[in-house]
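Topology and contacts: notes
One-letter residues, chain by chain:
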Amino acid sequence: MNSKSTPRLLLVEDNDIDAEVVERVLTRLRPDIEMERAGNGHEALLAARDKRPDLILLDIRMPQMDGRETLANLKGDETLCDIPVVMMSTSAHDEDIRFCNDHHANAYLTKSADPKTTRDAIENLLRFWFDKAVMQTARLH
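Residues numbered from 1 in each chain as written. Predicted model: local features only at pLDDT ≥ 70, side-chain atom pairs only at ≥ 80, totals over all residues. Heavy atoms only, no water.

Moving on to the pairing of strand S2 (residues 34–38). As paired strands, strand S1 (residues 8–12) and S2 are joined by five bridges and run parallel to one another. In the strand pairing of S2, Arg 8 is matched with Glu 34. Where the polypeptide runs from S1 across helix H1 (residues 16–29) and back to S2, its parallel neighbour, the crossover connection is right-handed. (Pairing = 2+ DSSP bridges. Helix = DSSP H or I, 4+ residues; strand = E, 2+ residues; numbered from the N terminus. Right-handed = clockwise from strand over helix to strand, strands pointing away.)

Structure, rendered in structure tokens:
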């Protein structure tokens, strides 16, 4: 976790509806988590360097710098490479998943056409990440 006790999430999502789903789930589950949103990869890299989030949720399909290029930049930067990144996409194509695995994404979440299914998946991910994984890591340090 970052040096402050408040957990931080960076959401990199250009779609307002998808971003709103994440924001609602986060507000309901964990209102103590600071969330910042970036609309493209360039903004994401700046925010990651400036705010040092505990987790990045990164959409694959975005304008300017897409999620693939952003992931490669994050994991290729020695000051950012240890930040966990969960890729999010409506794509379940093997090449997208393989690229994300090859570039050390920590997880891959496929967004469903059904909003409830996507909301439930995001809720489960955030509950796991901020209630279990981050807390276990904090205890180890």
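Below, the discussion takes up the layout of surface pockets. If a probe the size of a water molecule is rolled over the atoms, the empty space left behind becomes visible. As a volume, the second largest pocket reaches approximately 150 Å³. Lining the second largest pocket are Ile 17, Asp 18, Val 21, Thr 90, Lys 111, Ser 112, Ala 113, Pro 115 and Thr 118. Taken together, the elements giving at least two residues each to the lining of the second largest pocket come down to H1 and helix H5 (115–140). At three residues, H1 tops the list of elements feeding residues into the lining of the second largest pocket. Counted by class, the lining of the second largest pocket contains four nonpolar, three polar and two charged residues. (1 Å grid on protein atoms, 1.4 Å probe; cavity = no way out; pocket = protein on both sides within 12 Å on 5 of 7 lines; lining within 4 Å. Points joined across faces, edges and corners; volume = space filled by probe spheres on them. Nonpolar A, V, L, I, M, F, W, Y, C, P; charged D, E, K, R; others polar.)

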